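Spelled out from the first residue to the last, the chains are:
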Amino acid sequence: MIFHRLARYFESWIDPFGPKASYQPPKGTAAFIWHYVSQAKAAFFAMLVLGGVVAMLEAGLFWFVGRLVDILDSVGPGNGWSGLIEAHGREIAFIAFVVLGVRFSAIALSALVEEQVIVPGFFNLVRWQAHAHISRQSLSFFHNDFSGRIVTKVWAAGQATGDLMVSLLQVAWFMVIYSLTTLTLVSSLDWRLGALVGFWIVAFIVLARFFVPKIRRNARETAEASSMLNGRLTDAYSNIQTLKLFGREEDNDRYIRDGFERFQDVLKSFTRYLTGVRSSLAFLSGLMITAVGALTIELWLDGQVTTGAVAFTLGLVLRMNMLLGRMMTQFNAIMRNLGTIQNSAEMIAAPIALVDRPDAPDLVIREPSILFENVSFHYGRGSGVIEGLNLSIAAGEKVGIIGRSGAGKSTLVNLLLRFYDLESGRILISGQDIASVRQESLRRQIGMVTQDTALLHRSVRDNIMFGRPDATVEAMQAAAREAEADMFIPHLEDFRGRKGYDAHVGERGVKLSGGQRQRIAIARMLLKDAPILVLDEATSALDSEVEAAIQQNLEKLMNGKTVIAIAHRLSTIANLDRLVVMDKGRIIEEGGHRQLLAKGGLYADLWARQSGGFIAVDK
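Criteria and thresholds
- Residues numbered from 1 in each chain as written.
- Predicted model: local features only at pLDDT ≥ 70, side-chain atom pairs only at ≥ 80, totals over all residues.
- Heavy atoms only, no water.
- Helix = DSSP H or I, 4+ residues; strand = E, 2+ residues; numbered from the N terminus.
- Contact = heavy atoms within 4.5 Å.
- pLDDT = per-residue confidence, 0-100.
- Salt bridge = Lys/Arg side-chain N within 4 Å of Asp/Glu carboxyl O.
- Buried < 20%, exposed > 50% of the residue type's maximum accessible area, 1.4 Å probe, protein only.
- Pairing = 2+ DSSP bridges.
- Axes fitted to C-alpha atoms, helices over the stretch in contact; angles between N-to-C directions.
- Core = buried A, V, L, I, M, F, W, Y, C linked by side-chain atoms within 4.5 Å.
- Parallel < 35°, antiparallel > 145°, perpendicular 65-115°, else oblique.
- Left-handed = near helix turned anticlockwise from the far one by under 90°.
- Nonpolar A, V, L, I, M, F, W, Y, C, P; charged D, E, K, R; others polar.

Peer 1: Can you help me understand the side chain of His 593 in this one?
Peer 2: Counting through the fold element by element, His 593 comes out in helix H17 (residues 593-599). Residues within four places of His 593 in sequence aside, it is in contact with Ala 574, Leu 579, Tyr 603 and Trp 607.

Spelled out as structure tokens, the structure:
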């Protein structure tokens, strides 16, 4: 009971989820580490102090052993415990108090700080803040990298930064204090012993200065190769159905094996240096132990030191040898962690490319009108995609966007949602430039259902309620009914036995059919009830009967709302207020269905060429 109270007290030292104005860390490795460590200074200072105390006590244990040998040598066995206590009782009691009381308290407190403060608090502080920054990156940031590689770096940043600090304070700092204490204690016996220990420490530092930079460089390359391999594996597992569908296991094995071979090549170079440093240390320690042992025996033979001093010195240097070996072995972990931090920092510290303006207001919808004014966007390529586009959509108007694949339809929607910043021109909603308002407030006012429907690996309820988290259960169920999703939801059951709205849908909704995913996405949009609706092939995955039923509900929902609908199946949007035909990033035709057919232009051609409801792709 007392332990749990004490543990809870230490666990409250660091709040990993405390709000910050900016979660972006600096790029430099040292600055990156200090950015997070400075948020937990008290905990690391406590580790520093306690680690130093424990190191001095560990070295002191050997002095106690040497002192006990001398005490026993001065008191004959015939005097028994009474004679021993009478002659040296206070000194023995002091030794017992330090070993049983002080040492226990220092080690227990050190363990509490490391295990109850640093591991749950600091490790997760780094991970959470790295995630909070990364999650605010633009859509293109995630499109340009493996999702598995990003996840690996975010998670590894917290683990590596925490492990590095623990290693530095629990191993390196411990070793510094222990070595200095050893140097002081043996020097008090004879300056020549102190000189040998001092030479040992200097030689160790020289070895470290030679090997550490090389190990650090190779560790960084190993971390990069590791994250690359993780990305390839995640990509393969998340697309396992496609791999099996095309029967390309051998090709995929070659691709994955290439990643393994690249990782193995840099790992071999890394481990060669580790082998070199461990071998060099073994030779140095063997040489120094022999020299210290020989000098200690020589001093004892000359009567310059006692038997206890011999035991104390040899025990102390043997322990120092073990700790130096442990420390050099720890360089493996320390350098791996430094390499991982360097590799993660480059990605995590990248500035957010698409940010809100300072003090940007929320978008306020008075009337859901939309204006594209001389908009150009080329994905940074200089030309193509969207060129000088002008389009005005009145509040409550329902507009269909039509065009061949690659005409710029989806890009136009992405710009409306401000997934990318314009290269020129502006977009106004209700008279407000979307570049000057908060992105979250903009996207709250737009409901969207896409052709490529992806659901969160959560329950059906969570996926629908994502549209409006404060909605009632009744409202959520009503949205499911309107989306014709209530026909299958009660019959769902996942592998853990959760049923209906509690059933989990799998990664990206993989456990549901395309039509089921689409209906849940539509229910989510219906629940959101935003004033602007974007339908990007919203019913493409549905069969004709279900589509007809949902179309009736969508028509009810669209009353009083501004709608932009993209569809290859022209029959689904032919009855909208206006149809806009795009080609090569420009608007080339506008009007109603009959009006555009009468013009005999691209729309009429697309309508004539449809087969089974699809538009032929421009060759």
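So much for the structure itself; the text now carries on.
Peer 1: I would appreciate a short explanation of the confidence of the model for the protein chain in the present structure.
Peer 2: Parts of the model with low pLDDT should not have their predicted coordinates read in detail. Per-residue confidence for the protein chain gives a mean pLDDT of 81; residues scoring 70 or more make up 90%. Per-element averaging of pLDDT across the protein chain places helix H16 (residues 544-557) at the bottom with 61 and strand S5 (residues 432-433) at the top with 94. Residue range residues 611-619 is modelled with pLDDT below 50. Its contacts to residues more than four positions away, or to other chains, number 14 contacts.

Peer 1: So what exactly am I meant to see when it comes to the pattern of salt bridges here?
Peer 2: Side-chain pairs of opposite charge can arise where the charged atoms are in close proximity. This model, assessed by the stated rule, comprises 15 salt bridges. With a shortest N-O distance of 2.7 Å, Arg 426 and Glu 373 are connected by a salt bridge. Pair noted here: Arg 426 is in strand S4 (residues 424-429) and Glu 373 is in strand S1 (residues 370-377), with a separation of 53 residues, a long-range link. Judged by relative accessible area, Arg 426 falls into the partly exposed class, the value being 34%. Taken together, the salt bridges that share partners define one network made up of Asp 362, Arg 438, Glu 440 and Arg 444.

Peer 1: I tried to follow the sheet that holds strand S3 (residues 398-403) on my own but got confused; where do I start?
Peer 2: Hydrogen bonding along the main chain pairs the strands of a sheet, whether they run parallel or antiparallel. The strand order S6-S7-S8-S3-S9-S10 describes an open sheet built from 6 strands, whose pairing is mixed. A strand with exactly one partner marks an edge of an open sheet, and here the two such strands are strand S6 (446-449) and strand S10 (586-591). Between one strand axis and the next, the sheet turns by 20° as a mean value, whatever way the strands run. Relative to strand S8 (residues 562-566), strand S7 (residues 532-536) runs parallel, the two sharing 5 bridges. Residue pairing across strands places Ile 532 opposite Thr 562, the latter belonging to S8.

Peer 1: Please clarify how the nonpolar core should be interpreted in this entry.
Peer 2: Across soluble globular proteins, nonpolar side chains have a tendency to be buried as a group. Judged by nonpolar contacts, the single largest core of 77 residues is most densely connected at Tyr 36, Phe 44, Ile 118, Phe 122 and Tyr 178. Elements with a minimum of two residues in this core: helix H2 (29-37), helix H3 (41-74), helix H4 (80-134), helix H6 (147-189), helix H7 (191-238), helix H9 (249-301) and helix H10 (307-348). A per-element tally of this core places H6 first, with 14 residues. Not counting the four nearest positions on each side in its chain, Phe 44 is found in contact with Val 37, Ile 118, Phe 122, Met 165 and Leu 169.

Peer 1: What is the right way to look at the packing of helix H14 (residues 473-482) against helix H15 (residues 514-528) in this model?
Peer 2: Two quantities define a packed helix pair, namely the angle between the axes and the distance from one axis to the other. Here H14 crosses H15 at 130°, and the two axes come no closer than 8 Å. By the angle between their axes, H14 is oblique relative to H15. Taken as a pair, H14 and H15 cross one another with a handedness that is right-handed. Taking contact as the criterion, the partners of Ala 475, Met 476, Ala 479, Ala 480 and Glu 482 in H14 are, on H15, Ala 523, Leu 526 and Leu 527. Classifying every residue of the contact of H14 with H15 by side-chain character gives 7 nonpolar, no polar and 1 charged.

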